[in-house]
Amino acid sequence: MRKTFEITCPFGREPRLDDIRVMAAQALRLRRGAVVNVIDPTKSYQPTMVGAEAHCHIIRRSIDARGDVKMVYQIEAWHKSDFYQEYQLPEYRDVTEGEPVIVVGAGPAGMFAALKLLTLGLKPILLERGKDVHRRKRDIAAMGTAGIVNPDSNYCFGEGGAGTFSDGKLYTRSSKRGDLREVLYQFVRFGADKSVLIDAHPHIGTDKLPRVVENIRECILSHGGEYHFDSRVEDISRLKSGVFNVKVIDSSSEKPKKVTYKAKAVIVAAGHSARDIYELFQDKGLPLEPKGFALGVRVEHPQDLINRMRYHGQWEPGMPAAEYNFALQETAPGPGGEEVERGVFSFCMCPGGLLVPSATAEGETVLNGMSNSARNSKWANAGVVVSIEPEDVPEGYSGPFALLDYQHDIEKKMYDYVASKREEDPETQINPLAAPAQRMIDFCNGIISHDFPASSYRPGLVPAPLHELLPEGVTERLRKAFPEINKRIMRGYFTNDALLLGVESRTSSPVRMLRDPETFMCPGADGLFPCGEGAGYSGGIVSSAIDGINCAKAALRYLFPETEPSEEASEATE
């Protein structure tokens, strides 16, 4: 029988092992001086006491700032008679001669699908439209300085996907998709700090993620897998033999060329911004449906303001930059005039972070946030977004791309507004990716802001009526939500020192690629596995990675149906 208990200590201190042992003995009803082993996953050395009567494991660490700031540790304890085996990652195999599986996209879903394929003895062939993580940085820099968008290499496309140049958050609200430990322990193996194994809100940081992503690639290559960058998929076709031809445009050299890769199984993990892949599915007659997403603004506050609010005036140098999250329900008139309630919530909060341009094509303005591992910038930012369902879009948008087209038109509207200001005064040299911006209280009062506080957004700001540029239902709900957040959740949040920047729109895929819930395959295309955030089955790094793992296992079952489920399931615990 296992017991879970908590132990607290002042901020900056770890709990004494003897205190943990005493509390574990109490929880398990052992004598006070019982010998108890304590396992701390963040430590390289785990002292083992001979003759221990019980064991306990630190499973979670969080900060509690409701009174005096303290650390809260959650501990799991069990008797020595209870079977327990420390988690071990499965071993990677040499798959040089293994059955190939094509993986489209080298984001979290694609990378973790490939890693899982190695453990299953299958050979991953990764096709990534963008560049490797180091060459990608030059294209990202050009967006900030000159507003130049490379449609195949940007904040969304390239090795590691959209998560590489974000905060690297490793938490998810879903625990039903699979074992989170396989993802977290993999990240640690490839260079993430061990703290991600127990932190309540683990993150890696934009400055550290590139090396982690590169280490994953080196592992896959060293075990016989393949990586092909600058390889944008233009066609996927299934032959009568059951083999897929995946045709790509290879632009790795000065003269682009067409290359075809072959495999009996294809995992499509192209990400939520790969609109050409959705079009390819539609052209092939593969089933798609519109899917709800969320739309709003990026909100930027001074980090010291968030620190004062969240730590209740107790923040001191050395404490982590404070973060926040919230979820409200607000009403606004729907397309038919009736009042409709929708969620308004924070998304991808980046304490001590920066705002970045996330467009994937010319003629659109999209924002996202990122943080380095230290989270030490002067700003805090988060998406504050409103849920958009298929029935919320106006007439004229229909079919599986209804929400995709709606999303694109709003992004274009933001871009066009800035372009109009550039045309009015060409000498100002406004960056094409400058963001329409407004102070928070001005937004709620319908006033254009003509001066701004300092901002982290490098391409710059343009005074704009965001309250008019955003859809009416989004504006109405945000206007209700900001004062409500201030009243119910964070006093001081509703301030003109806060900036709203448009638009935050790439929260999740607005299209879902349908797949069978048991086989994970696309109906009518055996061997084709829609995967990850772009397919509409995950949101964020961890859930995407888990979906990649699940699709890899589904590919094994398809290719080798004689494989016993027990063999597959035992891998994670061997």
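Everything that follows concerns the structure shown earlier in this document.
All figures in this text were calculated on a predicted structure; none of them were measured in a lab.

A. Looking closely at unusual backbone geometry. Geometrically, the link from Gly502 to Val503 is a cis peptide bond, its omega value of 5° lying close to zero. Inspection of the secondary structure puts Val503 in strand S21 (residues 499-504). A positive phi angle is found at His312, which is not glycine, with a value near 55°. When its relative accessible area of 53% is taken as the criterion, His312 is described as exposed. Even without glycine at this site, Cys348 takes up a positive phi of about 50°.

B. Inspection of the sheet that holds strand S2 (residues 36-39) at higher detail. Here four strands make up an open sheet; going across it, the order is S1-S4-S3-S2 and the pairing mixed. Unpaired on one side and paired on the other, strand S1 (2-10) and S2 mark the two borders of the sheet. The average angle at which neighbouring strand axes cross in this sheet is 30°, direction not considered. Taken together, the nine bridges between S1 and strand S4 (residues 70-79) define a ladder with antiparallel strand orientation. When the sheet's bridge partners are listed, Thr4 is paired in S4 with Glu76. The strands touched by helix H1 (residues 17-27) within the sheet are S1, S2, strand S3 (54-64) and S4, with S1 carrying the most contacts at an inclination of about 145°.

C. The packing of helix H2 (residues 108-120) against helix H5 (residues 209-222), seen in detail. At a closest axis distance of 10 Å, the pairing of H2 and H5 adopts a crossing angle of 35°. For the crossing formed where H2 meets H5, the hand is left-handed. Counting all contacts with H2, which are made through Met111, Ala114, Leu115 and Leu118, the residues of H5 involved are Val213, Ile216, Cys219 and Ile220. By residue class, the composition of the contact of H2 with H5 is eight nonpolar, no polar and no charged.

D. Representation of the nonpolar core. Of all hydrophobic cores here, the largest spans 73 residues; its most connected members are Leu115, Phe187 and Phe529. For this core, the leading source of residues is helix H13 (residues 541-559), giving 11 residues. Not counting residues up to four positions away in its chain, the partners in contact with Phe187 are Phe112, Leu170, Ala192, Ile204, Val212 and Ile541. Core analysis: the next-biggest nonpolar cluster, separate from the first, contains 49 residues, Leu328, Ala382, Ile388 and Leu403 among them.

E. Structural context of the packing of H2 against H13. Running from N to C, H2 and H13 point in directions that differ by 40°, and their axes come no closer than 7 Å. When the axes of H2 and H13 are compared, the pair comes out oblique. Between H2 and H13 lies a crossing of right-handed hand. Of the residues in H13, those touching H2 at Pro108, Ala109, Phe112, Ala113, Lys116, Leu117 and Leu120 are Ile541, Ser544, Ala545, Gly548, Ile549, Ala552, Lys553 and Leu556. Class assignment for the residues of the contact of H2 with H13 results in 11 nonpolar, two polar and two charged.

F. A look at H5. End to end, H5 covers 20 Å across 14 residues, agreeing with the expected 20 Å (1.5 Å per residue, within 8%). Counting buried positions over the 14 residues of H5 gives 10, a clear majority of the element. If you check which residues of H5 are buried, you get Leu209, Pro210, Val212, Val213, Glu214, Asn215, Ile216, Arg217, Cys219 and Ile220. One or two positions beyond H5, positive phi appears at Gly224, with a value near 100°.

G. Molecular detail of the sheet that holds strand S15 (residues 339-350). Sheet architecture is open: seven strands sit in the order S14-S15-S18-S13-S21-S19-S20, paired in mixed fashion. Since the sheet does not close on itself, it has two edges, and those belong to strand S14 (327-333) and strand S20 (461-463), each with one partner. Averaged over all adjacent pairs, the angle separating strand axes in this sheet is 35°, with direction ignored. Helix H11 (residues 472-488) contacts strand S13 (293-302), S14, S15, strand S18 (379-388) and S21 of the sheet and is inclined by roughly 145° relative to S14.

How each quantity is defined
- Residues numbered from 1 in each chain as written.
- Predicted model: local features only at pLDDT ≥ 70, side-chain atom pairs only at ≥ 80, totals over all residues.
- Heavy atoms only, no water.
- Helix = DSSP H or I, 4+ residues; strand = E, 2+ residues; numbered from the N terminus.
- Buried < 20%, exposed > 50% of the residue type's maximum accessible area, 1.4 Å probe, protein only.
- Pairing = 2+ DSSP bridges.
- Axes fitted to C-alpha atoms, helices over the stretch in contact; angles between N-to-C directions.
- Contact = heavy atoms within 4.5 Å.
- Left-handed = near helix turned anticlockwise from the far one by under 90°.
- Nonpolar A, V, L, I, M, F, W, Y, C, P; charged D, E, K, R; others polar.
- Core = buried A, V, L, I, M, F, W, Y, C linked by side-chain atoms within 4.5 Å.
- Parallel < 35°, antiparallel > 145°, perpendicular 65-115°, else oblique.
- Expected span 1.5 Å × (residues − 1).

Such coordinate-based values are descriptive only and should not be taken to indicate function.
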